[in-house]
2 protein chains.
Amino acid sequence: MEMSYRVDLFTLLGADAAVLNDSVAIEQCLRHVVEAAGFHFIDSISHQFQPQGISTVAILEESHIAAHTWPEKGSAYITLTTCAQPEDSFVEKASDIIADVFAAQSVNHREIL
Amino acid sequence: MEMSYRVDLFTLLGADAAVLNDSVAIEQCLRHVVEAAGFHFIDSISHQFQPQGISTVAILEESHIAAHTWPEKGSAYITLTTCAQPEDSFVEKASDIIADVFAAQSVNHREIL
């Protein structure tokens, strides 16, 4: 079996430190990004780093999504890893959702693999 | 801030169906792969798909690792996503660990980004 893999990497700069340290907001953002892909959220866990920073990983029906944040730097990255095909408008919708939730100055997207 | 990202993708073929459907074995395998990188496991969740298949995602101090399995196909993929630098021998050690745990006929590795 030959499968094709895809990782969508979103990097955020100049983002709001309070949101970057808010696991509820981050999980909600990931849920909206997953919906924008036409994918399905199953379950997630978050970890609060000390003194700050959050990692959230979530299992999807279509593999997984994760966010890692550095509030002290205003930065974060989000990866969606899948064997499935996101909806056509996914990158634009997801970038808008992420920029909005985190009040980010920039959201860069790269599709890899 | 400019960060460098790395995704190590391991794809398995011809693997043991029973192990591919065993969330305890899969989590243990991921812990050993993380140790081989010199990284640190924090917390994980698994989901059992019906009729078969497991997804496990784990938060690390150095970002995350995940496994997605298809017992009916004897296949799986594992991704380690990080901004950190794994130890030099990581790819060889991890490939050996994965091949051993899953009794896989082949373990292919690709480093992306």
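Here is a short report on the structure shown in this document. (Residues numbered from 1 in each chain as written. Chains lettered and ligands numbered in written order. Predicted model: local features only at pLDDT ≥ 70, side-chain atom pairs only at ≥ 80, totals over all residues. Heavy atoms only, no water.)

## Thoughts on the relation of the copies chain A and chain B
Stated formally: For this overlay, a least-squares fit was computed on C-alpha atoms, restricted to residues scoring pLDDT of at least 70 in both copies. Only heavy atoms matter for contacts: two residues are in contact if any of them lie within 4.5 Å across the pair.
Each copy of the sequence occupies a distinct position, and chain A is placed on chain B by a rotation of 180° and an axial shift of 0.0 Å, giving an RMSD of 0.0 Å. Expressed as an axis order, the relation between the two copies is that of a two-fold axis. The share of interface residues of chain A whose copies in chain B are also at the interface is 100%, consistent with both copies meeting through the same surface.

## Digging into helix 3 (residues 90-102) of chain B
All names here are of chain B. Under the convention used in this document: Runs of E in the DSSP output that reach at least two residues are strands. Runs of H or I that reach at least four are helices, and both are numbered from the N terminus. A helix is expected to span 1.5 Å for every residue after the first. Each residue is placed in one exposure class: buried if its accessible area under a 1.4 Å probe, protein chains only, is under 20% of its type's maximum, exposed if it is over 50%, and partly exposed if it falls in between. Taken from the helix axis, the directions to the C-beta atoms give the arc we talk about.
The end-to-end C-alpha separation of helix 3 is 18 Å, in line with the 18 Å expected for 13 residues at 1.5 Å each. Among the residues making up helix 3, those that are buried are Phe90, Ala94, Ser95, Ile98 and Phe102. Each buried residue of helix 3 lies within a common arc of 120° when the element is viewed along its axis, so the set occupies one face. Among the exposed residues of helix 3, those pointing more than 90 degrees away from its buried face are Asp96 and Asp100. Buried residues in helix 3 make contact with strand 1 (6-13), helix 1 (17-20), helix 2 (23-37), strand 5 (75-82) and strand 6 (106-112). Once helix 3 ends, the next one or two residues include alanine 103, with phi positive near 50°.

## Points about the pattern of salt bridges
Two side chains bearing opposite charge may form a pair once their charged atoms approach each other closely. Worth spelling out the cut-off: Here, a salt bridge means any Lys or Arg side-chain nitrogen found within 4 Å of an Asp or Glu carboxyl oxygen.
Scanning all chains against the criterion turns up 6 salt bridges over all chains. A salt bridge links Asp8(A) to Arg6(A); the shortest N-O distance between them is 2.6 Å. Accessibility classification places Asp8(A) together with Arg6(A) in one group, the buried group. Put simply, Arg31(B) and Glu27(B) hold a salt bridge, and the shortest N to O gap is 2.7 Å. You can see Arg31(B) and its partner Glu27(B) sitting in helix 2, 4 residues apart, about one turn around the helix. Bridged by salt links that share partners, the residues Arg6(A), Asp8(A) and Glu111(A) form one connected network.

## Thoughts on the side chain of Ser95(A)
Residues and elements named next belong to chain A. Take serine 95: it is sitting in helix 3 (residues 90-102). A residue is classified by how much of its surface remains accessible, and serine 95, at 15% relative accessible area, is buried. The contact partners of serine 95, leaving out residues within four places of it in the chain, are Phe10, Val107 and His109.

## Topic: the side chain of Ser55(B)
In plain terms, the rule: Residues adjacent in sequence count toward polar contacts only when both atoms are side-chain atoms; beyond that, a polar contact is any pair of N or O atoms within 3.5 Å, and within protein one must be able to donate a hydrogen and the other to accept it.
Secondary-structure assignment places Ser55(B) in strand 3 (residues 54-60). Side-chain polar atoms of Ser55(B) contact the side chain of His68(B), separated by 2.7 Å. In this structure Ser55(B) touches Ile59(A), Ile45(B), Ser46(B), His47(B), Phe49(B), Ala67(B) and His68(B), once residues within four positions along its chain are discounted.

## Some remarks on unusual backbone geometry
Residues and elements named next belong to chain A. Between glutamine 50 and proline 51 the backbone carries a cis peptide bond, its omega angle lying at 5°. Relative to the elements of secondary structure, proline 51 occurs in the loop between strand 2 (41-48) and strand 3 (54-60). At alanine 103, a position not held by glycine, the phi torsion is positive, near 50°. Relative to the helices and strands, alanine 103 is located in the loop between helix 3 and strand 6 (106-112).

## A closer look at the sheet that holds strand 4 (residues 63-70) of chain A
Residues and elements named next belong to chain A. Where we set the bar: A pair of strands counts as paired when DSSP detects no fewer than two bridges linking them. To obtain an axis, a line is fitted to C-alpha atoms, over the contacting stretch when the element is a helix, and the angle between two such axes runs from 0 to 180 degrees between their N-to-C directions.
In space, the 6 strands of this open sheet follow the order 2-3-4-5-1-6, with antiparallel pairing throughout. The outermost strands of the open sheet, each flanked by one partner alone, are strand 2 and strand 6. On average, adjacent strands in this sheet sit at an angle of 10° to one another, irrespective of strand direction. Two strands pair when backbone bridges link them, and strand 2 and strand 3 are joined in this way by 7 bridges, in the antiparallel orientation. Bridge pairing links serine 46 to threonine 56 in strand 3.

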